[in-house]
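# Working through the structure, step by step
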Amino acid sequence: MASQEKKKFGNVMIIGLGMIGGSFAKALKERGLATLYAVDRRDGELSLGVSTGVIDHPAELSAEFVSKMDVIVLATPVRAMESVLTDLKPFLSDQTLVTDVGSTKGSVVEAVRRVFGYVPTNFIPGHPIAGAEKSGVLASNSQLFEKHMAIVTPLADSSPVLLDRLHRLWRAVGADVVSMDVNHHDHVLASSSHLPHLLAYTLVDALANGERSQDIFKFAAGGFRDFTRIASSDPVMWRDVFLANKDATLATLDHFTDRLADMRTAIELGDGASMFGVFTRAKSARDHFLRLLEQRTIGSTKEVRPVSVSVLPASAIKGEVSLLGDKSLSHKAITIAALSEGVSEIKNIDLTGDVRITMQAFRDMGVVIEEASVDHLRVHGVGIRGLKAPIAPINVHQSRESLYLLLPVLAGQSFPVSVVAEGKLLNQSMADLFSLVRQMGGRVVSEMADCLPVNLLPGTPLDVSVNLKAGSERLRMSAFLATLYSPAEGSVTTLSKELSHCEVLLRHFGVTIQDDSEGFKVSPASLVGADITLSGDEYELTWWVLLSSLLPGSDLTIENAGLDSVSFALLTFLNSIGADVSLPQQGRSGLFDGRVQASFAELQSFHLLPEQSYRFREQLPLLCVAAAYAKGESVIQGIGSLPYYHEDRVLAFIDALEHMKIACVYENGDLRIKGGLPQGGELDCAGDDKLALAMLALGARSQSITKVNDCQKLLEEFNELESVSVQLGFHCSVTQ
């Protein structure tokens, strides 16, 4: 016999021993949580309930049974509830929790009012979001409610003690419990449950009574089966549901009918873009639903297997290569094309890793993005204010690039939106980015000051004038995007007047950006769709050039360089210390576009001043590699004055140098490295892709194999590493 603790819900009566009522009874009985009684107009169902162990006792709606119940669950069709409540009323104690499982709530509450003249505080409606097409007590499933939602819809004067008991009752059978207003519940369920059933019934009936019905059913496949599965549900129950939830169902049906008419028009006119937009948004919405369902059923824990990359010394880099488009440029190009008017063709785009996060966000907001090939997108832009409100929060996952691009764009829209993240982006201060949004006139609401998740609320647009106090390329692009929403001319003041890809990309899509004595002026105007071929990643290009300089016998050509001022200056600096690098000429855009060639050369020691260290802060680990192989002692000053993440990266690389037996000294923010021959060994990049590349370069000519651990991010960001290495003769291998 179960202990009193396990019988914590006492005596529970189920009225209506069908599939839902039977499953609820069976779930409580198997867990030893209650003594189960049942009432049903069909004596056979009660007998089956007892014989199959679903309930303990058959019962009646009489004083003998009703007066001793702790919980009564109405599991009858919704149209029968008024009659059942009338029979219950004379015997009901106000200490007994009375609830129901009906899929409409407004009609049930009205039935209660008609019977009692008011809604008793012990009557609290409920609705489990679970079911099956089968009916009857033999369809009872004690696991039916596991990882499914149960909605409770209390009224203002519902008993808080009994409401708490109802929450605990549903949780006890495995459900995730949420509270909802009665009216809101009926409209939500009319859209998510009632309308799909109505469509399934109507479609099957229409096809069954058509001229070609026999062939239609004969040749129908899985899609027809899946779509019409719910037409096998109980017709009596669903007739009652639609009659009980008439107003909400009609409102939902009218909305759907309007959208169906739009789709008919698109088909009639051959408007493929409109159709593709609907299909894309629908797929995005359903994928979001499936993700939520997966989180409820199996959780969101994802196993990450450690990845290492090993490099064999004494390779030689030979051949020609055209690198896949820069990942940061890929993010930016998608963003600008989505905000443009007209169609844009983006070629040589890198669609791996977190680039798809940015792309999915714009798809979620109504932008049609076609994948013409693995590295070619066709983007149907909607204009800077043409985005549509997403059905769910925008999730940037762990992509800082996506966050910095999306936030100013979202702040410029007319709808409120939530932005969520995962992992390392949570609980990090985004003060610089949130400050930019506030300068645009948007309102920022977050539980923890200046941290994600965040709600953005539209406000009155303000003229945007941004003074950037740091050299972040991400924040620079955010600032330029913010100026697009400025009612009048916007301005961006930068630490450096050097040209970057931000201005070049925006100008390519029609934005007027004028140089100013302190920065740039941006004139308000629409973006115009354009065609563009993206250049290769500048850090990867520099890495290949450095490898070619270090490895004897190397002769490398990279075809699709697109160097900004900093990258061009860095390669020029390598030439100044003995490298043999041929650089392209400056093009009309201001970038140095074209071919880069590099061959082996002996490097000389160098002295990097603090201002140079800041300018080359992104590539400092690569310059540390150059110093490790150069003749003599090199000095890199000003490391202690760098932004902390750049300083941390260099400090981590100093540990790698020491592990590889390269003599180095770090004092007062300055680093001295004495050139030599690295020993080789096992290093850990701590998930930093740029640090990983530098460590691989450090092992390129070492005395033994160098293995770099925790390279998952590297392979996500530089997914061509293995294929390009094979093409050019660089001996590295990936292991898990």
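Below or above, wherever it landed, is the structure these notes cover. (Residues numbered from 1 in each chain as written. Predicted model: local features only at pLDDT ≥ 70, side-chain atom pairs only at ≥ 80, totals over all residues. Heavy atoms only, no water.)

## Brief notes about the overall build of the protein
Condition: A helix here means a DSSP run of H or I that spans at least four residues, while a strand means a run of E at least two residues long, and both kinds are numbered starting from the N terminus. Between buried and exposed lies partly exposed: a residue is buried under 20% and exposed over 50% of the maximum accessible area for its type, with that area taken using a 1.4 Å probe on protein chains only. Throughout, a contact is declared for two residues whenever any of their heavy atoms are within 4.5 Å. Areas reported as accessible are Shrake-Rupley estimates using a 1.4 Å probe. Residue values count occlusion only from the protein chains shown. In summary, the charge assignment counts Lys and Arg as positive and Asp and Glu as negative, without counting His or the chain termini. For charged residues, the charge sits on one atom: NZ in Lys, CZ in Arg, CG in Asp, CD in Glu.
The helix and strand tally for the protein stands at 26 helices and 33 strands. C-alpha atoms of the protein, sized along the principal axes, occupy 100 × 60 × 55 Å. Per-residue burial over the protein gives 51% buried out of 736 residues. Expressed as a percentage of contacts within the protein between residues at least 6 apart in sequence, the contacts between residues at least 24 apart total 74%. Carbon and sulfur atoms make up 51% of the accessible area of the protein, which totals about 32800 Å². Taking the average location of the 66 positive side-chain charges in the protein and that of its 87 negative ones, the two points are 4 Å from each other.

## Considering the sheet that holds strand E33 (residues 732-735)
Cut-off, in case you're wondering: Any two strands between which DSSP finds at least two bridges are classified as paired. Axes here mean lines fitted to C-alpha atoms, for a helix over just the part in contact, with angles spanning 0 to 180 degrees between N-to-C directions.
Reading across from one edge, E31-E32-E9-E33 is the order of the four strands in this open sheet, with mixed pairing throughout. Strands at the two margins of the open sheet, each flanked by one partner only, are strand E31 (681-684) and E33. Averaged over neighbouring strand pairs, the angle between their axes works out to 20° when direction is ignored. Relative to E33, strand E9 (residues 308-311) is paired through four bridges, and the arrangement is antiparallel. Note that in E33 the partner of Ser310 across the bridge is Ser733.

## Digging into the nonpolar core
To keep things clear, this is the line we draw: The term nonpolar core refers to a set of buried residues drawn from Ala, Val, Leu, Ile, Met, Phe, Trp, Tyr and Cys, joined through side-chain atoms within 4.5 Å.
With 78 residues, the main nonpolar core has Trp543, Trp544, Phe653 and Phe730 as its most contacted residues. Examining the composition of this core, we find that nine residues originate from one element, helix H22 (residues 620-629), more than from any other. Not counting chain neighbours up to four residues away, the residues in contact with Trp544 comprise Ile317, Leu323, Leu556, Ile558, Phe718, Val724, Ser725, Leu728 and Phe730. Core analysis: the second largest hydrophobic core is formed by 70 residues, Ile346, Ile349, Ile394 and Leu534 among them.

## With respect to helix H14 (residues 355-364)
Burial runs high along H14: seven of the 10 residues are buried. Those residues of H14 not exposed but buried are Val355, Ile357, Thr358, Met359, Ala361, Phe362 and Arg363. Two residues or fewer past H14, Gly366 is found with a positive phi of approximately 95°.

## What about the environment of Leu405?
Mapped onto the fold, Leu405 is located in helix H15 (residues 400-411). Spatially, the C-alpha atom of Leu405 lies 21 Å from that of Arg281, the residues being 124 residues apart in sequence. If sequence neighbours within four positions are ignored, Leu405 has contacts with His331, Lys332, Thr335, Met477, Ser478 and Leu481.

## A closer look at the pairing of strand E15 (residues 417-420)
Inclusion rule: By definition, the crossover connecting two strands over a helix is right-handed if that path, from the first strand to the second, turns clockwise as seen with the strands pointing away from the viewer.
Covered by surrounding structure in E15 are Val417 and Val419 only, the residues Ser418 and Val420 on the alternate face being uncovered. Summarising the sheet, strand E14 (residues 394-395) and E15 pair through two bridges and their orientation is parallel. Pairing of Asn395 across the sheet is with Val420, part of E15. Between E14 and its parallel partner E15, the chain crosses via H15, and the hand of that crossover is right-handed. Inspection of the sheet shows E15 paired to strand E17 (residues 454-457) by three bridges, in the antiparallel sense. Paired with Val417 across the bridge in E17 is Leu456.

## Some words on the sheet that holds strand E5 (residues 97-100)
Ordered by their spatial adjacency, five strands build an open sheet running E3-E2-E1-E4-E5, and the pairing between neighbours is parallel. Edge positions in the sheet fall to strand E3 (57-58) and E5, since each of these pairs with one other strand and no more. Looking at chain direction, strand E4 (residues 71-74) and E5 are connected through four bridges and run parallel. Across the sheet, residue Val71 finds its bridge partner in E5, namely Leu97.

## Observations concerning unusual backbone geometry
A cis amide bond, omega 0°, links Leu452 with the succeeding residue Pro453. Counting through the fold element by element, Pro453 comes out in the loop between strand E16 (443-445) and E17. With a phi close to 50°, His397 is a non-glycine residue in the positive phi region. Residue placement: His397 occurs in the loop between E14 and H15. One non-glycine residue, Lys661, adopts positive backbone phi at about 65°.

## Considerations on the state of the cysteines
Selection rule: Cysteine sulfur atoms that come within 2.5 Å of each other are treated as a disulfide pair.
Evaluated as defined, the whole model comprises zero disulfides. For the unlinked cysteine Cys732, the closest cysteine sulfur is that of Cys711, found at 9.8 Å.

## What to know about the pattern of salt bridges
To be explicit about the condition: Salt-bridge detection follows one rule: a side-chain nitrogen of Lys or Arg within 4 Å of a carboxyl oxygen of Asp or Glu.
Scanning the entire structure with this criterion turns up 28 salt bridges. Note that Lys29 and Asp56 form a salt bridge whose closest N and O atoms lie 3.4 Å from each other. With a gap of 27 residues between them, Lys29 in helix H1 (residues 19-30) and Asp56 in the loop between helix H2 (43-51) and E3 connect regions that are remote in the sequence. By relative accessible area, Asp56 is classed as partly exposed at 26%. Arg378 is paired through a salt bridge with Glu345; the nearest N and O atoms lie 2.7 Å apart. Note that Arg378 is positioned in strand E13 (residues 376-382) and Glu345 in strand E11 (residues 340-347), a separation of 33 residues in sequence. With a relative accessible area of 25%, Arg378 lands in the partly exposed category. By relative accessible area, Glu345 is classed as buried at 16%.

## A closer look at the packing of helix H19 (residues 538-550) against helix H24 (residues 689-698)
Spelled out, the test is: Orientation categories follow fixed angle ranges, with anything under 35 degrees roughly parallel, anything over 145 roughly antiparallel, 65 to 115 roughly perpendicular, and all other angles oblique. Lys, Arg, Asp and Glu make up the charged group, whereas Ala, Val, Leu, Ile, Met, Phe, Trp, Tyr, Cys and Pro make up the nonpolar group; the residues left over, Gly among them, are polar.
Where H19 meets H24, the axes come as close as 10 Å, and the angle between the chain directions of the two elements is 10°. Between H19 and H24, the interaxial angle falls into the category roughly parallel. For the pair H19 and H24, contact is made by Tyr539, Glu540, Trp543, Leu546, Leu547 and Leu550 and by Lys690, Leu693, Ala694, Leu696 and Ala697, respectively. Tallied by class, residues from the contact of H19 with H24 come to nine nonpolar, no polar and two charged.

## Structural notes on the side chain of Ser310
With respect to the helices and strands, Ser310 occurs in strand E9. For Ser310, the residues in contact, after removing those within four places along its chain, are Ile705, Thr706, Lys707, His731, Cys732 and Ser733.

## Brief notes about the packing of aromatic side chains
So the rule is basically this: Between the rings of Phe, Tyr and Trp (Trp by its six-membered ring), a pair exists once the centres lie within 6.5 Å; its type follows the angle of the planes, with under 30 degrees stacked, over 60 edge-to-face, and the other angles tilted. Here, a charge over a ring means that NZ of Lys or CZ of Arg falls within 6 Å of the ring centre while also lying within 35 degrees of the ring normal.
One pass over the full model with this rule turns up 15 aromatic pairs. On the numbers, 6.5 Å between centres and 65° between planes, the contact of Phe116 with Tyr118 is edge-to-face. Seen in terms of ring centroids, Phe573 and Phe616 are 6.0 Å apart; in terms of plane orientation they differ by 45°. Their pairing is tilted. Here Phe573, found in helix H20 (residues 565-576), pairs with Phe616, found in the loop between helix H21 (610-615) and H22; they are 43 residues apart in sequence, far enough to count as distant. Using a relative accessible area of 11% as the deciding quantity, one classes Phe573 as buried. Linked through ring pairs, Trp543, Trp544, Phe718 and Phe730 together constitute an aromatic cluster. If you follow Arg617 out to its NZ or CZ, it ends over the ring of Tyr614, 4.2 Å from the centre. We note Lys690 situated over the ring of Tyr539; from NZ or CZ to the ring centre the distance is 5.3 Å.

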